[in-house]
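# Structural description and commentary
Spelled out from the first residue to the last, the chains are:
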Amino acid sequence: MMKRMATTNSSSLWFTSHKTSHEVLFRGEMKKPDVDSPDPNVGNYAIFRSTTKYGTTCFKNIVENTVHGRISFILHKRLEVDLENGYQVVVITGEGPQDDDDNDADDHFEGLSTRFFLLNKDKEEVARCHMSYMDGSYDPSMGPTIEMIAVKQSHRGEGLAKVLWHWILWFINNNFTIECLNNDAPLGHIMVKATQVMTQEVEMRQRKRDGQL
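Please read all numbers here as calculations on a predicted model, not as lab measurements. (Residues numbered from 1 in each chain as written. Predicted model: local features only at pLDDT ≥ 70, side-chain atom pairs only at ≥ 80, totals over all residues. Heavy atoms only, no water.)

## What about the pairing of strand 8 (residues 125-134)?
Put simply, the rule reads: Residue exposure (1.4 Å probe, protein chains only): buried if accessible area is under 20% of the type maximum, exposed if over 50%, otherwise partly exposed. Think of it this way: any DSSP run of H or I at least four residues long counts as a helix, any run of E at least two long counts as a strand, and we number them from the N terminus. Any two strands are treated as partners once DSSP identifies two or more bridges connecting them.
Most of strand 8 is tucked away: seven of the ten residues are buried. With seven bridges joining them, strand 7 (residues 112-119) and strand 8 adopt antiparallel strand pairing. Across the sheet, Leu118 pairs through a bridge with Ala127, a residue of strand 8. The antiparallel pairing of strand 7 with strand 8 creates a hairpin that spans five residues between the two strands, and Lys123 there sits at a positive phi of about 65 degrees.

Put into structure tokens, the structure is as follows:
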């Protein structure tokens, strides 16, 4: 049973409950189109979140019966992948605290993010990336957004950024499958954005193989 919880000037909140137990299976939000917003995705997608086992099962059924490129299903979980030479990629997806009022926390949907860690054989973190799903720019839009990516200074020049980036793209391709409506992205493609990227030089290092800076 789908019910509308509340309607504001910017969005509508929805929830779905079980027809017999009345347990809330998942809550959702759809933002209303705004003529002042340059994001073509606004008003064309809804975000739902489930905190129950049955709700998650319903989501999986929805995904299986929806055309590819029109829906994404991102589980809040921890994923570990063992690589060659003792390296390991750890991927954690979840939501951070959004409000001091815990009773209002269910109505926030923009805190979802995924953190990537690259560990070496000694379990030392040598690279990391933080990816959100809503950029914080002047004209924010929905989609995977690289908030930060970094390699530990003592391990730079070892090609670890490329290894981490490979698994970031792997995760996006296997989890976020909503095609972008932005004109900058060709049809059938997913836009991956980056925010707060500085172009100023932070350091210069000499490559060991050819001596170049």
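From this point, the narrative continues.
## Some points on the nonpolar core
Our working rule: For this analysis, a nonpolar core means a set of buried residues of the types Ala, Val, Leu, Ile, Met, Phe, Trp, Tyr and Cys, connected via side-chain atoms within 4.5 Å.
Core analysis: the largest hydrophobic core is formed by 24 residues, its most contacted members being Phe116, Leu118, Met131, Tyr133, Leu164 and Ile168. Broken down by secondary-structure element, the contributors of at least two residues to this core are strand 6 (88-95), strand 7, strand 8, strand 9 (142-151) and helix 2 (160-175).

## Considerations on unusual backbone geometry
At Asn85, a residue that is not glycine, the phi angle is positive and equals roughly 60 degrees. Along the chain, Asn85 turns up in the loop between strand 5 (78-82) and strand 6. You can call Asn85 exposed: its relative accessible area is 66%. Its identity is not glycine, yet Lys123 carries a phi of approximately 65 degrees, on the positive side. Position of Lys123 relative to the elements: it lies in the loop between strand 7 and strand 8. Judged by its relative accessible area of 52%, Lys123 falls in the exposed class.

## Concerning the pattern of salt bridges
Rules: Any carboxyl oxygen of Asp or Glu that lies within 4 Å of a side-chain nitrogen of Lys or Arg is treated as forming a salt bridge with it.
In total, this model carries three salt bridges according to the counting rule given. Its salt-bridge partner being Lys152, residue Glu124 comes within 2.7 Å of it at the nearest N-O pair. You can see Glu124 sitting in the loop between strand 7 and strand 8 and its partner Lys152 sitting in the loop between strand 9 and helix 2, a full 28 residues away along the chain. Given the relative accessible area of 39%, Lys152 is considered partly exposed. For the salt bridge of Glu125 with Arg128, the shortest nitrogen-to-oxygen distance reads 2.4 Å. Judged by its relative accessible area of 31%, Arg128 falls in the partly exposed class.

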